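Here is how the chains run, residue by residue.
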Amino acid sequence: MSVKKVFLPEREIPRQWYNIQADMPTPLQPALHPQTQKPVGPDDLLPIFPLNLIEQEVSTARWIDIPEEVLEKLLIWRPTPLQRASALEKYLQTPAKIYFKNEGVSPAGSHKPNTAIPQVYYNKVAGTKRLTTETGAGQWGCALGLGCTLFGLECKVYMVRVSYEQKPYRRLMMKTWGAECIPSPSRETEFGRKMLAKDPQTSGSLGMAIGEAVEEAVTSDDTKYSLGSVLNHVMLHQTIVGLEAQKQLKMVGEYPDVLIGCVGGGSNFAGLSFPFIRDKIHGRELQVVAVESTACPTLTRGPFAYDFGDTAAKTPLLPMFTLGHNFLPRSIHAGGLRYHGMSPLISQLTLDRLIESRAYNQLQAYAAGVLFAQTEGLVCAPETNHAIAAVIEEAKKAKEEGKEKTILFNLSGHGLLDLPGYDAYLNGKLEEYILSEEEIRESLKDLESFPRPMI
Ligand SMILES: *Cc1c(COP(=O)(O)O)cnc(C)c1O
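Cut-offs used in this document
- Residues numbered from 1 in each chain as written.
- Predicted model: local features only at pLDDT ≥ 70, side-chain atom pairs only at ≥ 80, totals over all residues.
- Heavy atoms only, no water.
- Helix = DSSP H or I, 4+ residues; strand = E, 2+ residues; numbered from the N terminus.
- Rg over C-alpha atoms; globule rule 2.2 N^0.38 Å.
- Buried < 20%, exposed > 50% of the residue type's maximum accessible area, 1.4 Å probe, protein only.
- Contact = heavy atoms within 4.5 Å.
- Areas by Shrake-Rupley, 256 points an atom, 1.4 Å probe, with all protein chains shown as cover.
- Lys, Arg positive; Asp, Glu negative; His and termini not counted.
- Charge placed at Lys NZ, Arg CZ, Asp CG, Glu CD.
- Phe/Tyr/Trp six-rings, centres within 6.5 Å; stacked < 30°, edge-to-face > 60°.
- Near = heavy atom within 4 Å.
- Polar contact = N/O pair within 3.5 Å; in protein donor to acceptor, adjacent residues only side chain to side chain.
- Nonpolar A, V, L, I, M, F, W, Y, C, P; charged D, E, K, R; others polar.
- Domains from an automatic or database assignment.
- Buried area = accessible area lost by both parts, 1.4 Å probe.
- Salt bridge = Lys/Arg side-chain N within 4 Å of Asp/Glu carboxyl O.
- Arc of directions from axis to C-beta.
- Pairing = 2+ DSSP bridges.
- Axes fitted to C-alpha atoms, helices over the stretch in contact; angles between N-to-C directions.

Draft legend 1. Main features of the overall build of the chain. Helix and strand counts for the chain come out as 19 helices and 15 strands. In terms of C-alpha radius of gyration, the chain reaches 21 Å, essentially the compact-globule figure of 23 Å for 455 residues. Dimensions of the chain, computed from the C-alpha atoms along their principal axes, are close to 60 × 50 × 45 Å. Per-residue burial for the chain yields a buried fraction of 61% across its 455 residues. Intrachain contacts of the chain at a sequence separation of at least 6 include 77% that bridge at least 24 residues. For the chain, the accessible area works out to roughly 18200 Å², and carbon and sulfur atoms hold 51% of it. In the chain, 47 positive and 52 negative side-chain charges are present, and the distance between their average locations comes to 3 Å.

Draft legend 2. View of the packing of aromatic side chains. Taken as a whole and judged by the stated rule, the model has twelve aromatic pairs. Note on Tyr-121 and Tyr-122: the rings are 5.3 Å apart at their centroids and 70° apart in plane angle, and the pair reads as edge-to-face. Accessibility expressed as a relative area gives 12% for Tyr-121, which makes it buried. Using a relative accessible area of 10% as the deciding quantity, one classes Tyr-122 as buried.

Draft legend 3. Looking closely at the site of the ligand. Around the ligand sit 17 residues in total, of which Lys-112, Ser-229, Gly-264, Gly-266 and Ser-267 are the nearest. Ser-229 places a polar side-chain atom, nitrogen or oxygen, 2.6 Å from an oxygen atom of the ligand. Here Gly-264 contributes a backbone N or O atom positioned 2.7 Å from an oxygen atom of the ligand. For the ligand, whose free accessible area comes to 380 Å², the fraction covered by protein is 97%. Tallied by class, the residues present in the shell around the ligand amount to three nonpolar, twelve polar and two charged. Split by domain, the residues of the shell around the ligand number at least three in each of domain 1 (5-10 + 78-109 + 233-435) and domain 2 (18-66 + 112-231).

Draft legend 4. Summary view of unusual backbone geometry. Backbone torsion omega between Arg-78 and Pro-79 reads -10°, so that peptide bond is classified as cis. Here Ser-184 and Pro-185 are connected by a cis peptide whose omega angle stands at 5°. Phi angles above zero are rare outside glycine, and Gln-93 is one such case at about 50°. When you line up the elements, Gln-93 lands in the loop between α4 (86-92) and β5 (97-102). Although it is not a glycine, Tyr-433 sits at a positive phi angle of roughly 60°. Tracing the backbone through its elements, the reader meets Tyr-433 in the loop between α18 (419-426) and α19 (437-444).

Draft legend 5. The arrangement of the domain arrangement of the chain in detail. By the assigned domains, the chain splits into domain 1 (5-10 + 78-109 + 233-435) and domain 2 (18-66 + 112-231). The centre of domain 1, based on its C-alpha atoms, is set 23 Å off from the matching centre of domain 2. Taken residue by residue, the interface counts 47 residues in domain 1 and 49 residues in domain 2. Overall, the association of domain 1 and domain 2 removes approximately 4100 Å² of surface from exposure, summing both partners, and the carbon and sulfur fraction of that is 66%. On inspection of domain 1 and its partner domain 2, the count reaches two salt bridges. Between Arg-278 and Asp-23 there is a salt bridge whose closest N-O contact spans 3.5 Å. Inspection of the domain 1/domain 2 interface yields 16 residue pairs in polar contact (both at pLDDT 80 or more). Counting residues per element, the ones that place at least two in the side of domain 1 that touches domain 2 are α11 (232-238), α12 (240-251), α13 (267-281), β12 (304-308), β13 (317-321) and α15 (344-351). Looking at side-chain class alone, the side of domain 1 that touches domain 2 contains 26 nonpolar, 13 polar and eight charged residues.

Draft legend 6. Structural detail: helix α9 (residues 190-198). Of all the residues in α9, the buried ones are Phe-191, Gly-192, Met-195 and Leu-196. All buried residues of α9 fall inside an arc of 135° around its axis, so they share one side. Opposite the packed face of α9, turned more than 90 degrees from it, sit the exposed residues Glu-190, Lys-194, Ala-197 and Lys-198. Tucked into the core, α9 has its buried residues touching α10 (206-218).

Draft legend 7. Spotlight on the sheet that holds strand β6 (residues 130-135). Taken in spatial order, the four strands of this open sheet run β8-β7-β6-β9, and their pairing is parallel. Two strands lie at the open edges of the sheet, namely β8 (180-184) and β9 (223-225), each paired on one side alone. Ignoring which end each strand starts from, the neighbouring axes of this sheet average 25° apart. Pairing of strand β7 (residues 154-160) with β8 involves five bridges; the strand directions are parallel. What sits directly across from Met-159, in β8, is Pro-183. Sheet strands in contact with α10 are β6, β7, β8 and β9, and its direction is about 170° off that of β6.

This is the structure:
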């Protein structure tokens, strides 16, 4: 019988994160201050983030110790199993072997607690009493709520009003963990009140919610803000996924030929792939595929440019692939893939041809997700389904070429709180959503006055 699941013993859990900034062929270009357009320094970021996380953000040390207190919490569900999709392989009659890391087993149901927990820990050490953040569908709000309850910090989550009203379950998870979750825009911040004065009926947006969460952090001494993707320290914390996978694959004598993950801001993909990309930089042959939605095709169709990280235009300018900070993607069910930009680390590695990218529409993604559910039994997050669409394409290609490839993908989360998307798909109510060139050109106009990064 071939292996179905590989469990890494708890004592083998990685004790350091891997920082790809130590090995990148081209170093990152600096983030720029939005007004002066000079590289930002720690002082610019201190009102928002604690110094220890700012230090991690710019560190070029290859290995960074995971604090014992963080490991203790990660052990609640880590190491996550490495599983083999043997029934899917059989259905596809492919010679490819398909493995995946199951990040859906975390308490919040996705990979996001891998960074929420260390972020809360470093804030606690730095004296922060309270964290604020924004959330769309609620995955990040849940992860931060979990982290805060485990370390005894207060947590306030500004949730986009329309999601707050339409998607009660994650907000109830946050409340169960003791987090305060309020619909945004709210009356609790100046920015929120301004938005409500403009349009009392507004359904809110991620940009508005970020504006409120950042305002609250900046205007109170013991409160900081926390971000769930995009930034370097977030990618760093997620590398525990790939480091575990390397050990687990070694236990069964495997090494992947193809790595696949879906990308919103890039964190689950970075977490799985960066430790393997280190091998690729040192000569190993490996295909690394980032998968996005055709409704938000940042890597496949956006330019590499300096742009704001947020819609409120308050963050530093980041060098990244982007569709423009005012880009508003159609409301696809894969809410986590609706980010206009891309992690600067993933962007630079894409420029250096260490990562390739691909996009699928949501009909293709759900078709893949339903096939996965009907063969392997697991109902995946709509974001993850995009990765599975690429996995199936690669497995079919292996069949055509008669090659026995090993594919590894990141199952970034389960879909048990995202069933309305499946309902819409199964009832034929989903649309493809493919952007026109015109729409992209229009939203990129805002970037014309910004400095240009080197390519
Ligand atoms: C948030 C989320 C994503 C997208 O975010 P990344 O930072 O790109 O990983 C993907 N899958 C799931 C399940 C998510 O919750």
